[in-house]
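Spelled out from the first residue to the last, the chains are:
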Amino acid sequence: ALKCLAALTICNMTKLVDDPRDAAPFLPTLLPGLAKLADELADPEARAVCEKSVELMRRLERRCEGAADADAIRAQIKTHLAKTADDALVVDHATSVATALALRRQFDSEAWTAALEAVVAPWAPKGVDVAATVDAARLAAHAIHAL
């Protein structure tokens, strides 16, 4: 009965997940155990609950496969921010800050401007519009993240 309740709890929690990336760290731990439990249980009702949980977790796993990872977001941001400074260390730092904002799903223009302009502006070559470049990086990260 306890195993059935655990499977039911996992099933209900899986239904509450809005963004599959939030559940991705737990899938490798939970899915094999649930699949094993679904195969081993003798009680048909408990097995049905486990099988339903496994199906929902696999559906969530398929949704995770299409989601952009941190490296893809970082690479896209870096291509934009590389225009703002000649110093690789400054670009790397700004890219890390921007990637952190993107992974926290913070795509507010003011937040990106406040976090990045002060870092990049002193190092920007003359004629580079730092605000426009930061905004382009924000939009690119948002487009990748929304996939």
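The text that follows walks through the structure, step by step, so that each part is easy to find.

Cut-offs applied
Residues numbered from 1 in each chain as written. Predicted model: local features only at pLDDT ≥ 70, side-chain atom pairs only at ≥ 80, totals over all residues. Heavy atoms only, no water. Helix = DSSP H or I, 4+ residues; strand = E, 2+ residues; numbered from the N terminus. Rg over C-alpha atoms; globule rule 2.2 N^0.38 Å. Buried < 20%, exposed > 50% of the residue type's maximum accessible area, 1.4 Å probe, protein only. Contact = heavy atoms within 4.5 Å. Core = buried A, V, L, I, M, F, W, Y, C linked by side-chain atoms within 4.5 Å. Polar contact = N/O pair within 3.5 Å; in protein donor to acceptor, adjacent residues only side chain to side chain.

### Describing the overall build of the protein
In terms of regular secondary structure, the protein is built from eight helices and zero strands. Helices and strands appear in the protein in the N-to-C order α-α-α-α-α-α-α-α. For 147 residues, the compact-globule estimate of 2.2 N^0.38 gives 15 Å, and the protein exceeds it by more than 25% at 22 Å. Taken along the three principal axes of its C-alpha coordinates, the protein extends 75 × 25 × 20 Å. Counting the 147 residues in the protein, one finds 36% classified as buried. Contacts in the protein between residues at least 24 apart in sequence constitute 67% of all its contacts with a sequence separation of at least 6.

### Observations concerning the nonpolar core
Among the nonpolar cores identified, the biggest contains 19 residues, and Ile77, Leu81, Ala102, Trp112 and Ala141 are the most heavily contacted of them. Mapped by element, the contributors of at least two residues to this core are helix H5 (70-81), helix H6 (88-103), helix H7 (109-120) and helix H8 (130-145). In terms of residues, this core owes the most to one element, H6, which gives six residues. Apart from the residues lying within four places of it in its own chain, the contact partners of Ala141 are Ile73, Ile77, Ala102, Phe107 and Trp112. Core analysis: the next-biggest nonpolar cluster, separate from the first, contains 18 residues, Cys4, Leu27, Ala46 and Cys64 among them.

### Focus: the side chain of Thr133
With respect to the helices, strands and loops of the structure, Thr133 is situated in helix H8. On the basis of relative accessibility, which here comes to 11%, the residue Thr133 falls in the buried class. Within the local environment of Thr133, its side chain forms a polar contact with the backbone oxygen of Asp129, the two atoms lying 2.9 Å apart. Ignoring anything within four residues of it in the chain, the contact list for Thr133 reads His80, Lys83, Thr84 and Val128.

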